[in-house]
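What the coordinates show
Residues per chain are reported as follows:
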Amino acid sequence: MSPLAAIFGCAGPRLTNEEMAFFRDMRPWGFILFKRNIETPDQVRALTAALRETIAAPDAPVLIDQEGGRVQRLGPPNWTRYPPGRAYGELAGKDPLLRREIARLGARLMAHDLAAVGVNVDCAPVLDVPEPGAHDIIGDRAYGQSADEVAVLGRAAAEGLIAGGVLPVVKHMPGHGRSHADSHLNLPVVEAAHVALAARDFAPFRVNSDLPMAMTAHVVFTALDPDHPATTSRRVIRQVIRGEIGFDGLLLTDDLSMKALSGDFGSRARDALAAGCDVVLHCNGVMAEMTEVARGARPLAGAAARRAKAALGRLATTPEPFDVEAGRARFAAAFEGRWAA
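Residue positions are given per chain, counted from 1 along the sequence in the order it is written. The model is predicted, so local features are restricted to residues of pLDDT at least 70 and side-chain atom pairs to those at 80 or more, both for listing and for counting; the totals for chains, interfaces and linings are taken over all residues. In computing side-chain values, all of the structure's heavy atoms are included and hydrogens and water are not.

**Focus: the pairing of strand S11 (residues 250-255)**
Spelled out, the test is: Each residue is assigned to one of three classes by its accessible area relative to the maximum for its type, calculated with a 1.4 Å probe on protein chains only: buried under 20%, partly exposed between the two thresholds, exposed over 50%. Secondary structure counts use DSSP, requiring at least four H or I residues in a row for a helix and at least two E residues in a row for a strand, with both numbered from the N terminus. Here, any two strands with at least 2 DSSP bridges between them count as paired. Look down the strands so they point away from you; if going from the first strand over the helix to the second traces a clockwise path, that crossover is right-handed.
Taken across its 6 residues, S11 has 6 buried, putting it largely inside the fold. When strand S9 (residues 213-216) meets S11, the two strands line up parallel, connected through 3 bridges. Across the sheet, the residue bridging to Ala214 is Leu251, located in S11. One crossover worth recording links S11 to the parallel strand S12 (residues 279-282) by way of helix H9 (residues 265-275), and it is right-handed.

Next comes the structure, spelled out in structure tokens:
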């Protein structure tokens with residue numbers, strides 16, 4: 001039986017009987033954790049194991065947003081505090097090789113933290129290119145101010161995650177950097193010309209189009225489709241994400257519970273899948289909403305199932321050799337003690 005083309009969250013640090021029964025019946029493709037689910041390393045390990053047990057899939061994807069900076073679900077006192085993407089781009093003056101090395105190292109260290117508690121997918125790196133004057137929802141999460149900087153350092157971070165046995169999810173296709181609104185709260189509308197978007201916003205995603213997984217942006221691009229945000233736009237997904245950008249990996253929606261989207265949750269799921277997303281993501285763990293999403297979703301099949309299998313095939317069964325303590329010392333030295341490691 002094929003899994004449901006959905007990823008769900010849960011309400012707290014331990015599964016309720018209702019959640020266990022729901023996941024067992026719906027069999028989602030994967031799960032996602034947030035700070036409300038996090039207490040201690042032992043507790044997170046137990047939770048990830050329990051989630052996988054509900055669907056009898058020991059290698060099922062368990063996702064988290066672990067970028068560093070203000071988007072970091074595992075944090076002190078039990079886990080390292082990592083810098084935001086911008087810190088890598090500002091590191092060591094004009095030494096691009098060092099910036100790339102440390103971006104990869106930071107991601108490799110994060111992968112070590114995540115794998116140790118059973119998390120095998122990180123919703124990072126952010127490949128959005130920030131536009132001056134735009135909303136700070138991206139802000140310092142971006143690795144730099146230019147498409148080239150973002151592409152290179154984002155690639156390094158993705159490679160560090162993969163080396164540590166964790167899949168990266170690049171976000172937010174085809175670009176969130178020009179947004180003047182926070183899509184958690186409102187629907188952003190970007191009015192830039194297609195040629196400008198292609199030259200700047202799409203570029204980091206195009207360079208990294210071979211990576212295994214990506215997440216859509218809940219953003220309307222008037223030059224591409226004035227009536228639908230990218231997540232539910234057949235035109236954006238098929239012509240831009242799959243076409244111009246050339247991405248053939250597994251495409252996830254951003255969180256369906258964000259206020260940028262409208263309509264009931266079943267319709268949101270149906271519309272996103274019909275537009276060309278492979279898997280829908282619902283994060284807040286609210287059972288009534290998850291039930292609606294499940295009704296609107298469908299089994300993972302066809303090209304989406306192929307992409308899902310290919311993505312999971314990129315998980316290293318044995319992470320590359322890595323001296324964690326030496327890595328932490330190198331990382332701390334690069335930032336001269338500004339970030340704990």
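So that's the structure; there's more coming.
**Topic: the packing of aromatic side chains**
Under the convention used in this document: What counts as a ring pair is set by centres within 6.5 Å for rings of Phe, Tyr and Trp (its six-membered ring), and what kind of pair is set by the plane angle: stacked under 30 degrees, edge-to-face over 60, tilted for all other angles.
Going through the model one piece at a time under the given rule, you end up with 9 aromatic pairs. Taking the centre distance of 6.5 Å and the plane angle of 20° together, the rings of Phe8 and Phe23 count as stacked. Here Phe23 lies in helix H1 (residues 17-26) and Phe8 lies in strand S1 (residues 4-8), a separation of 15 residues in the sequence. With respect to burial, Phe8 and Phe23 carry one shared label: buried.

**Let's talk about the sheet that holds S1**
The cut-off we apply is this: Whether two residues are in contact is decided by their heavy atoms, any of which lying within 4.5 Å being enough. Interaxial angles span 0 to 180 degrees and are taken between N-to-C directions of axes, which are lines fitted to C-alpha atoms, for helices over the stretch in contact.
Judged by pairing direction, the barrel is parallel, and its 8 strands sit side by side in the order S1-S2-S3-S6-S7-S9-S11-S12 before closing back on the first. The sheet contact formed by strand S3 (residues 62-64) and strand S6 (residues 121-122) spans 2 bridges and is parallel. Considered in S6, the bridge of Ile64 is made with Asp122. Helix H2 (residues 41-54) rests against strand S2 (28-33) and S3 of the sheet, and its axis sits at about 165° to S2.

**What about unusual backbone geometry?**
Backbone torsion omega between Lys171 and His172 reads 5°, so that peptide bond is classified as cis. Summarising the element assignment, His172 is placed in strand S7 (residues 167-173). Cis peptide bonds are those with omega within 30 degrees of zero, and the linkage from Met173 to Pro174 qualifies with 0°. Take Pro174: it is sitting in the loop between S7 and strand S8 (189-190). The residue Arg27 is not glycine, and still its phi comes out positive at about 50°. Along the chain, Arg27 falls in the loop between H1 and S2. When its relative accessible area of 23% is taken as the criterion, Arg27 is described as partly exposed.

Shape is all these values report; function is a separate question.
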